[in-house]
Amino acid sequence: MKSVALHNLGCKVNAYEMDFMQQMLQEKGYKIVPFDEAADIYIVNTCTVTNIADRKSRQMLHRAKKRNPDAVVVAVGCYVQTGQETLLKDAAVDLAVGNNRKKDLVEILESYLESRTVPVIDTIDIAHAPYEEMTLKTTAEHTRAYIKIQDGCNQFCSYCIIPYARGRVRSRLEEDILQEARAMAQAGYREIVLTGIHISSYGIDRGGSELGRLLEKLSGIEGLERIRLGSLEPGIVTEEFAAAIGALPKVCPHFHLSLQSGSDTVLHRMNRRYDTAGYLEAVETLRRHYGSPAITTDVIVGFPGETEEEFVQTKDFLKRVGFYEMHIFKYSRRQGTRAAAMEGQLTEAEKSVRSERLMTLEREMSRAYREEFLGKTETVLFEELVEIGGQAYWVGHTTRYLKAARKAEPREDMQNHMVSGRLLSFLADDILLMGD
């Protein structure tokens, strides 16, 4: 029995696909071992979203080969699609498998093990690839299951390499999604998260958006109690869409609306398909249909040419929206994108200062949002037992993804249980204490 060690880099889609690859390997009799142990085969599911991600992918591949020089080291995924020339020269890599070939990983691996041809790169023309069918039977998490509903992106933002790594939008068949969701519910998962590269585009390759209809059908699955959405584009949030999903109690009032900048001139240079007025209208539309929904976002600071005035516009806009959480990223120059060739590249020092200013704002807004729920009764899906200040607590999330904790009783197992209670105070900066 050959041993396999796996390591995942990057997004939730990559994590889903890694779980599927592990599932296939186990079904074929391979023994899964931790990545920091000796193994016969190492598989790194790579990321290429930034130059830093490329470097981390290479580092993990080299680390694997150093750990066992006789092992077969396999690079899989996005970096394989965009970095084939580099991988061909990399002595640490024995086999490279691109996107839309992950479902065939075991077959490709076993063929390589028979022939031992070095190196082997197995990729396809990702731009015209069909949807790659994968179905998970279980996940590493015990309470929440991620379900991939689409792949690819047609947006071509000026800073982003992903359309070249993942190809154009391909949507998974609705019945396959429903079948996987039913199986997850039967396996005991009470919450699912719909994930993909650009889930707002679900269905457009078949003629129009089908996300609303999918949510309606998922809501009818017995045993499934929460449906959470991955990142959405603001353009999908019309009055009709918000009213339709607002009528589905299982859809969590937690929406990650991608922003990237609060300056219209920067958004234009980024080739984003909206302006700040349209974004604000999307937020206000959600707030009309949900009580205090949790709105989260991503922001890039230091985009090429970003002036102090444009940065201040962004900061002021973030305050105006009032987010629950923001993920702040310093612009990372990505070779192969239009933004990499733009004039006005900011220094790392400038980007760091601006990033810190927004992170300070993020902490203030996040605490203010949490404070709104003190004294209110919320339902928490408990996930794990943790120790805080010498006391054991069961910790989980509300529908709005507020982290909450309740004191654990001896021999009490609350994992995957939903409990309602009043939120009393802050147990930590990001955890609210729940009473009985």
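Here the structure is shown first, and the text comes after it.
This report concerns the structure included in the present document. Keep in mind that what you see is a predicted model, and the values were worked out from it rather than measured.

### Details of the overall build of the protein chain
Next up, step 1: Counting its secondary structure elements, the protein chain contains 13 helices and 19 strands.
Next up, step 2: Relative to the compact-globule value of 22 Å for 436 residues, the protein chain shows a C-alpha radius of gyration of 22 Å, a close match.
Next up, step 3: Dimensions along the principal axes, computed over C-alpha positions, put the protein chain at roughly 65 × 60 × 50 Å.
Next up, step 4: Within the protein chain, buried positions represent 55% of all 436 residues.
Next up, step 5: Summarising the internal contacts of the protein chain: among those between residues at least 6 apart in sequence, 73% fall at separations of at least 24.
Next up, step 6: Surface exposure of the protein chain reaches about 18,900 Å², of which carbon and sulfur atoms provide 49%.
Next up, step 7: Charged side chains in the protein chain number 56 positive and 63 negative. The centres of these two groups are separated by 2 Å.

### Side note on the packing of helix α11 (residues 276–289) against helix α12 (residues 308–321)
Next up, step 1: The interhelical angle for the contact between α11 and α12, taken along N-to-C directions, is 15 degrees, at an axis separation of 11 Å. Accordingly, the angle class assigned to the pair α11 and α12 is roughly parallel. Crossing of α11 against α12: the hand is right-handed. Residue-level inspection shows Thr276, Tyr279, Leu280, Val283 and Arg287 of α11 in contact with α12, the latter providing Phe317, Arg320 and Val321.
Next up, step 2: In the contact of α11 with α12, the residues fall into 5 nonpolar, 1 polar and 2 charged.

### A word on the pattern of salt bridges
Next up, step 1: All told, the structure shown has 36 salt bridges when counted by the stated rule.
Next up, step 2: Note that Glu17 and Arg166 form a salt bridge whose closest N and O atoms lie 2.9 Å from each other. With Glu17 in helix α1 (residues 12–27) and Arg166 in helix α6 (residues 162–166), this pair connects stretches of sequence that are 149 residues apart.
Next up, step 3: For Glu17, a relative accessible area of 1% puts it in the buried group.

### A closer look at the environment of Phe373
Next up, step 1: Locating Phe373 in the fold gives a position in the loop between α13 (348–371) and β15 (377–388).
Next up, step 2: Phe373 gets classed as buried once you look at its relative accessible area, which sits at 2%.
Next up, step 3: Between the C-alpha atoms of Phe373 and Arg228, which are 145 residues apart in sequence, the distance is 20 Å.
Next up, step 4: Each residue touching Phe373, except ones within four places of it in the same chain, is listed here: Ser292, Glu378, Arg400, Leu402 and Leu423.

### Let's talk about the pairing of strand β4 (residues 72–77)
Next up, step 1: Of all 6 residues in β4, 6 are buried; the element is thus mostly enclosed.
Next up, step 2: Judged from the 6 bridges that link them, strand β3 (residues 41–46) and β4 form a sheet pairing that is parallel. Residue Tyr42 lies in a different strand from β4, and its bridge partner there is Val73.
Next up, step 3: Each parallel crossover has a hand, and for β3 linked through helix α2 (residues 51–67) to β4 it is right-handed.
Next up, step 4: Relative to strand β5 (residues 95–97), β4 runs parallel, the two being bridged by 3 bridges.

### A closer look at the sheet that holds strand β6 (residues 120–122)
Next up, step 1: Strands sit in the order β2-β1-β3-β4-β5-β6 across an open sheet of 6 strands; the sheet is parallel. The sheet terminates laterally at β2 (31–33) and β6, the two strands that pair on one side only. Going from strand to strand, the sheet's axes swing by 20 degrees on average, the running direction of each strand aside.
Next up, step 2: The pairing of strand β1 (residues 3–8) with β2 spans 3 bridges and is parallel. Bridge assignment links Ser3 to a residue of β2, and that residue is Lys31.
Next up, step 3: Sitting on the sheet, α1 is in contact with β1, β2, β3 and β4, with an inclination near 175 degrees to β1.
Next up, step 4: Running over the sheet, α2 touches β1, β3 and β4 and is turned about 175 degrees from β3.

### Quick look at the packing of aromatic side chains
Next up, step 1: All chains considered together, the criterion is met by 10 aromatic pairs.
Next up, step 2: Seen in terms of ring centroids, Phe35 and Tyr42 are 5.4 Å apart; in terms of plane orientation they differ by 80 degrees. Their pairing is edge-to-face. For the pair formed by Phe35 and Tyr42, the shared burial category is buried.
Next up, step 3: For the pair Phe303 and Tyr331, a centre-to-centre distance of 5.4 Å together with 75 degrees between the ring planes defines the contact as edge-to-face. In this pair, Phe303 is assigned in the loop between β13 (294–301) and α12 and Tyr331 in the loop between β14 (325–330) and α13, connecting sequence segments 28 residues apart.
Next up, step 4: Its relative accessible area of 0% is what places Phe303 among the buried residues.
Next up, step 5: These aromatic residues form a ring-pair network of at least three members: Tyr274, Tyr279, Phe317 and Phe323.
Next up, step 6: A cation over a ring is seen here: Lys376 above Phe373, with NZ or CZ 5.3 Å from the ring centre.

### Quick look at the pairing of strand β16 (residues 391–397)
Next up, step 1: Here β16 lies mainly inside the structure; 5 of its 7 residues are buried.
Next up, step 2: Examined bridge by bridge, β15 and β16 share 7 bridges and lie antiparallel to one another. Paired with Ile388 across the bridge in β16 is Gln391.
Next up, step 3: Between β15 and β16, which follow one another and run antiparallel, lie 2 residues, and Gly389 among them has a positive phi close to 60 degrees.
Next up, step 4: Bridge count between β16 and strand β17 (residues 403–407): 5 bridges; the pairing is antiparallel. For Gly396, the partnering residue across the bridge sits in β17 and is Ala404.
Next up, step 5: Connecting β16 to the next strand, β17, in antiparallel fashion are 5 residues, including Tyr401 with a positive phi near 65 degrees.

### Focus: helix α8 (residues 211–218)
Next up, step 1: Along α8, the positions that sit buried rather than exposed are Leu211, Leu214, Leu215 and Leu218. Seen end-on, α8 carries its buried residues on one side only, within an arc spanning 100 degrees.
Next up, step 2: Buried-residue contacts for α8 involve β7 (144–151), α7 (174–186), β9 (191–196), β10 (226–229), β11 (231–232) and α9 (239–246).

Cut-off values and rules
Residues numbered from 1 in each chain as written. Predicted model: local features only at pLDDT ≥ 70, side-chain atom pairs only at ≥ 80, totals over all residues. Heavy atoms only, no water. Helix = DSSP H or I, 4+ residues; strand = E, 2+ residues; numbered from the N terminus. Rg over C-alpha atoms; globule rule 2.2 N^0.38 Å. Buried < 20%, exposed > 50% of the residue type's maximum accessible area, 1.4 Å probe, protein only. Contact = heavy atoms within 4.5 Å. Areas by Shrake-Rupley, 256 points an atom, 1.4 Å probe, with all protein chains shown as cover. Lys, Arg positive; Asp, Glu negative; His and termini not counted. Charge placed at Lys NZ, Arg CZ, Asp CG, Glu CD. Axes fitted to C-alpha atoms, helices over the stretch in contact; angles between N-to-C directions. Parallel < 35°, antiparallel > 145°, perpendicular 65-115°, else oblique. Left-handed = near helix turned anticlockwise from the far one by under 90°. Nonpolar A, V, L, I, M, F, W, Y, C, P; charged D, E, K, R; others polar. Salt bridge = Lys/Arg side-chain N within 4 Å of Asp/Glu carboxyl O. Pairing = 2+ DSSP bridges. Right-handed = clockwise from strand over helix to strand, strands pointing away. Phe/Tyr/Trp six-rings, centres within 6.5 Å; stacked < 30°, edge-to-face > 60°. Lys NZ or Arg CZ within 6 Å of the ring centre and 35° of its normal. Arc of directions from axis to C-beta.

Spatial relationships are all this shows, so hold off on functional conclusions.
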